Amino acid sequence: MLTQSVIRPISFKGIFGGGRQAQAPEKSKIVLEQDNLFHVLSKSPLPEMRDRAAIINKYGVCPVCDTHQEEKKRPVYDCPDCGYPTHCDEHHYQQGKEAHQAICGILREINEDDHDLRSGRPMREFEFPSAQGFDEAVNMANWDVLFYTRSFPSMDSDRSMRHVSKLLTYPMTIASVLHQASPYKYGEQVTAEGARSIAALRTILYPPNQITNSEAQSQTRTDTINIYLVGARAEASLPPHIWLQLSYLFPATPFHIHFIGPDALATGQEPHTKSVNERLYFTFDNAMYHDYHEKIEKFDPYTDLFFMFSPGIGHPSARESWKPSIEKALETKCPIFVTGYDEADMLNDVEAVEQDYAGEFDWLMKPTVNHFRSLKRDVNLMDLRQSIFANYGLWSFRGKRYDVTHSPEDNDD
């Protein structure tokens, strides 16, 4: 079983080299040329990659020892083809070589991708577009179509696609369920109750009198969409300009993103709220959600929703601790969207919800493959045989029995 602490990155600071104010990497000295990206990790010219090898040496597992021997030795022998320390010695490497071939190519791809990110080359693929032109329609069928219709820099390699999708999977997964060009359709992935919940949110996102994006950009909005990211980890450390890509897709609507959970703040930081611009606000709080819930005066299914990125609801070590927070989220009757890092992880969480909250929720979206999952694999450094795609799967539910009614106190301001 993959644990959240091992498989999910806690932050992206290794890429952006700073705190949450960091922007895309600035021009720097080229450390590695494009024809020199493969290195054995333990001999890499990059200290961060050598540190990764040391972690595997200390905490990893030799697959041959794990399968055939009582004594479990650590992997200290480097595979010359993928560059990772995969076995305890050359004898076990040769013995397990055939089985290793199934993941060797995957590990080499990860090796080269991670060296490329830190190579010092200009990262043109990270030069993201700003606000959408008023006469340009966005299509969210998949990554390729989104990049084309949003005028992203040309992605001239699969590696560039992997890099960008790794960062944008969080905001674009959210956008993909809210946007009117969503790839998820009623009668396919979306249930009748799901259609009602999403339609409620879209009445705010797409006001009836909005004709063009130029009108939207000059329109003053009073209703803010609140997105509660429960159990936030890596998504809480993304630089603000990554989240602006969500805001740009809905130019009439302010967003307030709440990063909630023990890992939502760096060590030593206090809970705080800040604004990126007049339409994007962040709150960071390291409280458990069921405690944070009490700070919110009211919830509205027209303006509020929850996202839980690979929460591990069904993991034996976390299942009980999740219950108070999920119960509070169900009380709001607002949609709860959940991702999983692979099919088994997603279905394990689904099973836990079905068992623990039977009769208390409605399905909004059936478990499905996320069109905006990360295309870059993450590997479990404690067991290299395990790798995943961040936000691979997506599904949704909410507290049972509510009528879609919305009575804004003052929409005429």
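In this text, all values refer to a predicted model and were calculated from it rather than measured experimentally.

Participant: I keep staring at the packing of aromatic side chains and nothing clicks. Help me out?
Facilitator: When we look at a pair of aromatic rings, we describe it by the centre distance and by the angle of the planes. Inspection of every chain in the model, using the stated rule, returns 23 aromatic pairs. Residues Y77 and Y93 carry aromatic rings whose centres are separated by 5.1 Å and whose planes lie at 40° to one another, so their mutual orientation is tilted. Taken together, the positions of Y77 in strand β1 (residues 77-78) and Y93 in helix α5 (residues 90-95) put the pair 16 residues apart, joining distant regions of the chain. Look at Y77 and you get partly exposed, because its relative accessible area is 22%. By relative accessible area, Y93 is classed as buried at 2%. Aromatic pair F307 and F337: ring centres 5.1 Å apart, planes at 15°, arrangement stacked. Highlighted residues: F307 in strand β7 (residues 304-308) and F337 in strand β8 (residues 336-340), separated in sequence by 30 residues. The burial state of F307 is the same as that of F337; both residues are buried. Within the aromatic cluster, the residues linked to one another by ring pairs are F126, F128, W143, F147, F152 and F372. Directly above the aromatic system of F38 lies the positively charged group of R108, at a separation of 3.8 Å from the ring centroid.

Participant: For this particular structure, what's the right way to read the nonpolar core?
Facilitator: Nonpolar side chains in soluble globular proteins tend to be buried together. Within the largest apolar cluster, 59 residues are counted, with the highest numbers of intra-cluster contacts made by L229, W243 and F259. Where this core is concerned, the elements lending two or more residues are α7 (143-149), α8 (158-178), α9 (192-205), β3 (225-230), α11 (240-248), β4 (255-260), β6 (280-285) and β7. The dominant element in this core, judged by the number of residues it contributes, is α8, at 10 residues. Once residues within four sequence positions are removed from consideration, W243 is found in contact with Y170, P171, I174, L229, E235, L238, I257, F259, L280 and F282.

What counts, and at which threshold
Residues numbered from 1 in each chain as written. Predicted model: local features only at pLDDT ≥ 70, side-chain atom pairs only at ≥ 80, totals over all residues. Heavy atoms only, no water. Phe/Tyr/Trp six-rings, centres within 6.5 Å; stacked < 30°, edge-to-face > 60°. Helix = DSSP H or I, 4+ residues; strand = E, 2+ residues; numbered from the N terminus. Buried < 20%, exposed > 50% of the residue type's maximum accessible area, 1.4 Å probe, protein only. Lys NZ or Arg CZ within 6 Å of the ring centre and 35° of its normal. Core = buried A, V, L, I, M, F, W, Y, C linked by side-chain atoms within 4.5 Å. Contact = heavy atoms within 4.5 Å.

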